[in-house]
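Chain by chain, the residues:
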Amino acid sequence: MNTKKKTIMVILDGLDYEFIEKNLESFQLFRKLHKDKKLCPLESVVPADSIPSWTTIYTGKNPAEHGVLESIDYLDFKNKVKGDYSVIQGNSFWDVLCKQGKRVFVFNPFMAYPAWDVNGLMICGPVFEGGEVSTNHPEQVDLTTMPDIGGMVEQPTNKEMYDFYKNTMELSQKQFDTFHKYFTKESYDFAFLGITTPDRMQHFLWRYNDPADRTHPKKNNRLMGSILEMYRLMERNVQKIMDDYGESYNIVVISDHGHGRRCEKTFYVNQWLIDQGITKDKSKKKRTVEYAKNTLFKIMATMGCVRSGTQFFKQFKFAHKVKNADYVFSSDKGKVYAPKFDGTNPFGGIMVNREKFSSDEEYEAMRQKIIDGLLQVKDHGKPIMIWVKRREEIYAGEKVANYPDIVYRMLSEYGVDRGLYGKRWFGINAMHEIVSGGHQFLGVIMGNREDIKDVNSVLNMHRYIVEISGGETK
């Protein structure tokens with residue numbers, strides 16, 4: 001029985017259980033932990049994105065309770081993520097432990113910014129763009145030697161990709177080294193380390209590593225094997241943490257979600273709604289613009305020049321509106337519409353505006369009609385939906401209305417496209433050339449405790465961390 005009351009927790013953003021399992025022979029520590037049932041799958045949240053998942057991990061609240069459902073759109077060149085992450089402060093597992101007298105060290109907690117007063121040391125970076133490194137004890141921190149931390153969004157070009165890989169690998173190691181530097185200066189009951197670079201690398205490097213990807217470079221591919229090398233770097237650093245501190249500390253390493261090939265197909269959900277007689281587009285003129293846009297994207301995808309093409313169109317004021325297809329439909333959303341929810345990914349949603357129905361019965365009848373219809377959607381005879389649910393069937397919480405009325409999850413090769421392309425229900429994801437890695441529902445949990453295998457979901461992480469650290473949860 002494990003009686004340690006001190007804990008080190010690490011989040012490696014986007015580390016994928018299935019990738020590790022498929023490549024076990026390439027690892028030593030991971031293979032041993034897997035054999036000993038100390039490396040196991042960990043379910044993410046709905047949708048499987050970093051922002052809602054990290055918030056759930058920190059607070060123990062499901063997304064319908066904390067209400068933070070934003071996703072990072074690496075291709076959105078106008079809107080920046082501007083979420084309210086105040087739900088984290090005071091509710092995180094380190095705050096709970098501090099209130100119970102534990103001394104903590106918190107380094108690079110994604111979204112938890114700026115630093116606040118804790119019983120110990122907190123060092124964090126800006127959520128995305130802009131802002132300086134923040135700490136509650138500037139007299140203890142040498143900011144001149146601090147590596148970049150926080151959430152970072154960049155879009156390396158093909159020419160820049162190899163340097164991006166090498167620089168991000170180097171940055172990852174610097175972040176681990178900086179954690180050790182400050183952790184060993186004092187005595188702590190609990191320590192947290194966040195590493196977001198695995199997610200960034202997989203988003204952009206996936207196609208270089210996956211021969212089955214339609215955009216995989218056939219020649220002069222210096223990046224083949226780069227994702228495996230990144231996993232090996234993570235493994236070496238997990239090994240060091242276990243070797244250096246494992247006798248005195250519980251070591252728990254998790255990811256917020258998994259990662260794999262991003263969807264290469266898209267489901268035109270609005271065209272499906274139109275064909276069911278549930279909604280309609282504004283005019284034939286707008287539909288013609290959409291057809292031209294998607295035809296152009298398809299040509300650019302075939303030629304492998306999507307990036308240069310999109311860079312050209314970004315200079316025009318109408319580009320953002322055309323990209324998201326908002327101009328095709330009336331500004332009055334109507335009874336039913338497809339909102340912007342989780343981007344071009346397998347999770348999607350449909351809003352059913354209760355206020356525009358005369359009764360609860362009519363509203364529920366429409367929801368059931370849509371659910372039944374989506375479950376019948378097939379591509380070449382194969383159903384594409386894993387499930388379709390009412391939002392309250394997913395999670396309970398006072399902010400459940402932040403979800404669309406209906407939420408669905410498709411097979412991983414499909415993503416939502418809110419645009420139109422003739423009468424088609426399906427198309428290609430032209431942007432796959434730029435962002436070829438996408439989130440998967442199964443992340444990973446590993447560590448030096450026997451009960452690692454019983455955690456199962458990020459929904460259970462907050463309670464688990466507090467309790468193994470000698471604290472009490474409500």
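Please refer to the structure higher up on the page.
Residues numbered from 1 in each chain as written. Predicted model: local features only at pLDDT ≥ 70, side-chain atom pairs only at ≥ 80, totals over all residues. Heavy atoms only, no water.

K.L.:
Looking at this structure, how should I read the overall build of the chain?
P.N.:
For the chain, the helix and strand inventory stands at 14 helices and 19 strands. If you take every contact in the chain between residues at least 6 apart in sequence, the share linking residues at least 24 apart comes to 74%. Here the chain displays about 20,800 Å² of accessible surface, and carbon together with sulfur accounts for 49% of that area. (Helix = DSSP H or I, 4+ residues; strand = E, 2+ residues; numbered from the N terminus. Contact = heavy atoms within 4.5 Å. Areas by Shrake-Rupley, 256 points an atom, 1.4 Å probe, with all protein chains shown as cover.)

K.L.:
Where do I start with the packing of helix α7 (residues 197-209) against helix α8 (residues 226-245) in this structure?
P.N.:
Two measures define how a pair of helices packs: the angle their axes make with one another and the distance between the axes. Look at α7 against α8: their axes get within 8 Å of each other, and the N-to-C directions meet at 150°. With respect to α8, the element α7 is oriented roughly antiparallel. Mapping the contact onto sequence places Thr197, Pro198, Met201, Gln202, Leu205, Trp206 and Asn209 in α7 and Ser226, Ile227, Met230, Tyr231 and Met234 in α8. Taken together, the residues of the contact of α7 with α8 break down into eight nonpolar, four polar and no charged. (Axes fitted to C-alpha atoms, helices over the stretch in contact; angles between N-to-C directions. Parallel < 35°, antiparallel > 145°, perpendicular 65-115°, else oblique. Nonpolar A, V, L, I, M, F, W, Y, C, P; charged D, E, K, R; others polar.)

K.L.:
I keep staring at the nonpolar core and nothing clicks. Help me out?
P.N.:
Note on soluble globular proteins: their nonpolar side chains tend to be buried together. Residues Ile8, Leu12, Ile20, Phe105, Ile123, Phe183 and Met446 are the most contacted members of the largest nonpolar core, which totals 61 residues. Excluding its chain neighbours within four sequence positions, the residues that come into contact with Phe183 are Ile8, Phe105, Tyr188, Ala191, Tyr245 and Tyr249. Counting residues in each nonpolar core, the second largest holds 55 residues, with Trp54, Met122, Tyr464 and Ile465 among its members. (Core = buried A, V, L, I, M, F, W, Y, C linked by side-chain atoms within 4.5 Å. Buried < 20%, exposed > 50% of the residue type's maximum accessible area, 1.4 Å probe, protein only.)

K.L.:
In this structure, what is going on with the pairing of strand β15 (residues 406-410)? I would like to understand it.
P.N.:
One face of the sheet, then the other: side chains in a regular strand alternate in exactly this way. Most of β15 sits out of view: four of its five residues are buried. The pairing of strand β11 (residues 347-352) with β15 spans four bridges and is classified as antiparallel. Bridge pairing links Gly349 to Val407 in β15. Summarising the sheet, strand β14 (residues 385-390) and β15 pair through five bridges and their orientation is antiparallel. Bridged to Met385 within β15 is Met410. (Pairing = 2+ DSSP bridges.)

K.L.:
Is there a simple way to explain the sheet that holds β14 in this structure?
P.N.:
Whenever strands of a sheet pair, they do so through backbone hydrogen bonds, lying parallel or antiparallel. Spatial ordering of the open sheet is given by β10-β11-β15-β14, a layout of four strands whose pairing is antiparallel. Of all the strands in the sheet, just β10 (336-337) and β14 have a single pairing partner and so form its edges. With respect to the sheet, helix α13 (residues 360-375) is in contact with β10, β11, β14 and β15, its orientation differing from that of β14 by roughly 175°.

K.L.:
Just checking my understanding: could you explain helix α14 (residues 461-468) for this structure?
P.N.:
One turn of the α-helix equals 3.6 residues, which is why residues spaced by three or four share an orientation. Among the eight residues in α14, six count as buried, and that is most of the element. Along α14, the positions that sit buried rather than exposed are Met461, His462, Tyr464, Ile465, Val466 and Ile468.

K.L.:
How should I be thinking about the pattern of salt bridges in this particular structure?
P.N.:
Any two side chains of opposite charge can pair, given that their charged atoms come close. Counted according to the given criterion, the structure contains 20 salt bridges. Notably, a salt bridge pairs Arg214 with Glu264, separated by 3.4 Å at the nearest N-O pair. Of this pair, Arg214 sits in the loop between α7 and α8 while Glu264 sits in the loop between β8 (258-261) and β9 (265-268); the two residues are 50 residues apart in sequence, bridging distant segments of the chain. A single salt-bridge network, built from bridges that share partners, covers Glu364, Arg367, Arg390, Glu392 and Glu393. (Salt bridge = Lys/Arg side-chain N within 4 Å of Asp/Glu carboxyl O.)

K.L.:
I would appreciate a short explanation of the side chain of Thr135 in the present structure.
P.N.:
Take Thr135: it is sitting in strand β5 (residues 134-135). Here the side chain of Thr135 touches Met122 through a polar contact of 2.9 Å, landing on its backbone oxygen. Residue contacts for Thr135: discarding those within four places in its chain leaves Ala115, Leu121, Met122, Ile123 and Val141. (Polar contact = N/O pair within 3.5 Å; in protein donor to acceptor, adjacent residues only side chain to side chain.)

K.L.:
Explanation requested: α13 in the structure shown.
P.N.:
The terminal C-alpha atoms of α13, which comprises 16 residues, lie 23 Å apart, in line with the 22 Å expected from a rise of 1.5 Å per residue. Of all the residues in α13, the buried ones are Tyr363, Met366, Arg367, Ile370, Ile371, Gly373 and Leu374. Each element contacted by the buried residues of α13 is listed here: β9, α9 (269-275), β10, β11, β14 and β15. (Expected span 1.5 Å × (residues − 1).)

K.L.:
Which parts of the structure should I look at to understand the packing of aromatic side chains?
P.N.:
For any pair of aromatic rings, the description rests on two quantities: the centre-to-centre distance and the angle between the ring planes. The tally for this structure, following the rule as stated, stands at 30 aromatic pairs. Both rings, one in Phe19 and one in Trp206, keep their centres 6.2 Å apart while their planes meet at 65°; by these two values the pair is edge-to-face. Taken together, the positions of Phe19 in helix α1 (residues 17-22) and Trp206 in helix α7 put the pair 187 residues apart, joining distant regions of the chain. Of the two residues, Phe19 and Trp206, both sit in the buried class. (Phe/Tyr/Trp six-rings, centres within 6.5 Å; stacked < 30°, edge-to-face > 60°.)

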